[in-house]
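# Structural overview for review
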Amino acid sequence: MPSAQLTLDPHFQVGAVNRRLFGSFVEHLGRCVYDGIYEPGHTSADEEGFRTDVIELVRELGVSAIRYPGGNFVSGFRWEDGVGPRNERPTRLDLAWHSTESNQVGLDEFAGWLEKVGSELMYAVNLGTRGVQEALDVLEYANIRSGTALSDARIKNGRPEPHRITMWCLGNEMDGPWQLGHRNAEDYGKIASQTAKAMRQLDPDLELVVCGSSNANMPTFGSWEHTVLLHTYDDVDYISCHVYYEELDGDAASFLAVATNMDHFIESVVATADTVRAQLNRKKRINISFDEWNVWYNTRFHAVEQITDIEQWPTAPRLLEDSYSVIDAVVVGNLLISLLKHADRVTSASLAQLVNVIAPIMTEPGGPAWRQTTFFPFAITSRLAVGTALEVKLTSDSYTTKAYGEVPLVDAVATWDEATGRTAIFLVNRSTDAATTVTVDVSHLGDVALLETHTLADDDIYAANTLTDRERVGVAENTSAQVSGGTLSIELPAVSWTAISLG
Ligand code: AHR
């Protein structure tokens, strides 16, 4: 049987686990908002039209900050269309997704929904078709208490308290030729710097995210980050990373190894940010907001450009509704391990997206809401990964992949919470055909016992939870786990994700 060994020691600290690592993303895209979080006619809808069954699942998922309202959508969005009396809001064409936007949910409703789910709002401004003035306007509307035209408009719209949004994204994927208002790095760097400076003139304590590359395969990857940060280094706190992975050509072995690619991506962006830091001779460090990441079967997605008749652009169409399997959940669990391994520099992240659109939660109009397979690793990691991320000094048998060469069979990270003395370990077994034995030296943690074990695995790695079989896949206790004489041993099934809590 293949094997792996880890050593846990509270001295091997990577960095504090920021709660914002467990963020998500709600875009006006497909059925994420309409017929997702918002369905006024649904039996579970509250007085504001939000589905309470979805609210409960979002709470259970343990989501911290939620990025809104896009995504590609934001680059053509006029924020003021979504506020004020609903019957006066304009219907608009959404050029990004060839859909019709009713604007029945906007900033005020979404901020109210976030209060119900207990999450923070992370707001993206439109730097595609708009600029500095509109960014200042939405900031004034959202954050100024009262006594100005826009703050008083918010009060008149029934929101007496400011939304107090701290984190703001300066546009979305502005390096992508598909983006409305796409710019080169020089031009984007300049408008991002001007917008950031203006927003800070209003509130110096905002946390600002400048757009990095749309993914690490963009032809401008690396030079984009370098040029943009030369323009904005003093103005922003974060640079964004986005990535989506999928299993291609039935190559499960490579798909299971994609977190090695995420590791490399993060380390490359950190290196670039630190290069600019050295070049400019600055003390401050720029951290990463990994504000779009997930499994997305993008190659199965039929481009929305096929919907050509503008009068036929649908409202809340079924777009990007991937059904996730066991192997997808193992990969999502591994991507969370990658984020935690870099907790010193990745201090915010958003699983893209939250409901129906490449999402851990699915809904049926007039019907139930359910957990996709990817829900489980996210919810359990969010609950157990508390305190400080620890490097685990891993040695593991390896295997060879077409896409990434030789990679370890096991990947792992741990967190240690000084306040409670609890340790959590997160592991994946990437082997497609063999269980793997893992032994963990826990002697440096003192006298510890097992509190919880959860393993996600299945004989059918393509099993999924669907409308007609909503609880087909879940997590189970891993009864092979034992702690004895300062050593934890556990068997990880082939293609599996596991979390262990010790205390
Ligand atoms: O999450 C789906 C889309 O992926 C977002 O709108 C865009 O930012 C990214 O390309």
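Our focus in this paragraph is the nonpolar core. The biggest cluster of nonpolar side chains holds 153 residues, and the ones touching the most others in it are Trp-113, Trp-168, Tyr-188, Phe-290 and Trp-293. The element that contributes the greatest number of residues to this core is helix α9 (residues 326–341), accounting for 11 residues. Counting contributing residues, this core receives three or more from each of domain 1 (4–8 + 390–502) and domain 2 (18–384). Those residues in contact with Trp-168, other than ones at most four positions away along the chain, are Tyr-123, Val-125, Val-138, Leu-139, Ala-142, Asn-143, Met-199, Leu-206, Glu-207, Leu-208 and Val-209. By size, the runner-up hydrophobic cluster in this structure holds 7 residues, among which are Met-167, Cys-169, Val-209 and Tyr-238.

Moving on, we come to unusual backbone geometry. Here the residue pair Gly-70 and Gly-71 is connected by a cis peptide bond, since its omega of 15 degrees sits within 30 degrees of zero. With an omega of 0 degrees, the peptide bond between Ala-352 and Gln-353 qualifies as cis. Non-glycine residue Leu-320 carries a positive phi angle of around 55 degrees. For Leu-320, the location among the structural elements is in the loop between β11 (287–295) and α9. The class of Leu-320 is buried, set by a relative accessible area of 7%.

So, on to the site of the ligand. Near the ligand you find Phe-25, Glu-27, Gly-71, Asn-72, Trp-97, Asn-172, Glu-173, Tyr-244, Glu-292, Trp-296, Gln-353 and Ile-358, and these make up its full shell. In this structure, Glu-173 approaches the ligand through a side-chain N or O atom, which is 2.7 Å from an oxygen atom. In this structure, Gln-353 approaches the ligand through a side-chain N or O atom, which is 3.0 Å from an oxygen atom. Protein contact buries 95% of the 290 Å² of open area that the ligand shows by itself. Most atoms of the ligand, that is more than half of them, are within 2 Å of grid points of the largest pocket.

Here Gln-13 lies in strand β2 (residues 13–16). Residue classification places Gln-13 among the partly exposed positions, given a relative accessible area of 46%. Along the sequence, Gln-13 and Trp-416 sit 403 residues apart, while their C-alpha atoms lie 8.9 Å from each other. Beyond its immediate chain neighbours, meaning those up to four positions away, Gln-13 contacts Thr-388, Ala-389, Leu-390 and Trp-416. At a separation of 2.9 Å, a polar atom in the side chain of Gln-13 contacts the main-chain carbonyl oxygen of Pro-10.

Here we come to the sheet that holds strand β19 (residues 410–417). Across the sheet, which stays open at both edges, the 6 strands sit in the order β2-β15-β19-β20-β25-β22 with antiparallel pairing between neighbours. Because the sheet does not close on itself, it has two edges, and the strands there are β2 and β22 (450–456). Put simply, the sheet's adjacent strands are angled 20 degrees from each other on average, direction ignored. Bridge count between strand β20 (residues 422–429) and strand β25 (residues 496–502): 7 bridges; the pairing is antiparallel. Directly across from Phe-426, in β25, lies its bridge partner Ala-499.

It is worth spelling out the packing of helix α5 (residues 185–202) against helix α6 (residues 223–232) at this point. Across the interface, α5 lies against α6 with an axial gap of 8 Å and an inter-helix angle of 35 degrees. In the crossing of α5 with α6, the sense of the turn from one axis to the other is right-handed. Here α5 contributes Ala-185, Glu-186, Tyr-188, Gly-189, Lys-190, Ala-192 and Ser-193 to the contact with α6, which in turn contributes Trp-224, Thr-227, Val-228, His-231 and Thr-232. Here the residues of the contact of α5 with α6 sort into 5 nonpolar, 5 polar and 2 charged.

Let us look at the pattern of salt bridges. Think of it this way: side chains of opposite charge can pair up when their charged atoms draw near. Counted according to the given criterion, the structure contains 29 salt bridges. Among the salt bridges present, the one from Arg-67 reaches Glu-292, with a minimum N-O distance of 2.9 Å. Here Glu-292 lies in strand β11 and Arg-67 lies in strand β4 (residues 65–68), a separation of 225 residues in the sequence. Assessed through its relative accessible area of 1%, Arg-67 is described here as buried. In this structure, Arg-145 and Glu-161 form a salt bridge, with 3.5 Å as the shortest nitrogen-oxygen distance. Of the two residues, Arg-145 is situated in the loop between α3 (132–143) and α4 (149–156) and Glu-161 in the loop between α4 and β8 (167–170); the sequence distance between them amounts to 16 residues. Look at Glu-161 and you get partly exposed, because its relative accessible area is 41%.

On to the domain arrangement of the protein chain. When cut into domains, the protein chain gives domain 1 (4–8 + 390–502) and domain 2 (18–384). Domain 1 and domain 2 are separated by 30 Å when their C-alpha centres are compared. At the junction of the two partners, domain 1 supplies 38 residues and domain 2 supplies 36 residues. The largest per-residue losses of area from domain 1 upon contact with domain 2 belong to Tyr-404, Arg-430 and Trp-497, which jointly make up 19% of the total buried on that side.

Reading the values: rules and limits
Residues numbered from 1 in each chain as written. Predicted model: local features only at pLDDT ≥ 70, side-chain atom pairs only at ≥ 80, totals over all residues. Heavy atoms only, no water. Core = buried A, V, L, I, M, F, W, Y, C linked by side-chain atoms within 4.5 Å. Buried < 20%, exposed > 50% of the residue type's maximum accessible area, 1.4 Å probe, protein only. Helix = DSSP H or I, 4+ residues; strand = E, 2+ residues; numbered from the N terminus. Domains from an automatic or database assignment. Contact = heavy atoms within 4.5 Å. Near = heavy atom within 4 Å. Polar contact = N/O pair within 3.5 Å; in protein donor to acceptor, adjacent residues only side chain to side chain. Areas by Shrake-Rupley, 256 points an atom, 1.4 Å probe, with all protein chains shown as cover. 1 Å grid on protein atoms, 1.4 Å probe; cavity = no way out; pocket = protein on both sides within 12 Å on 5 of 7 lines; lining within 4 Å. Sits in = over half its atoms within 2 Å of the grid points. Pairing = 2+ DSSP bridges. Axes fitted to C-alpha atoms, helices over the stretch in contact; angles between N-to-C directions. Left-handed = near helix turned anticlockwise from the far one by under 90°. Nonpolar A, V, L, I, M, F, W, Y, C, P; charged D, E, K, R; others polar. Salt bridge = Lys/Arg side-chain N within 4 Å of Asp/Glu carboxyl O. Buried area = accessible area lost by both parts, 1.4 Å probe.

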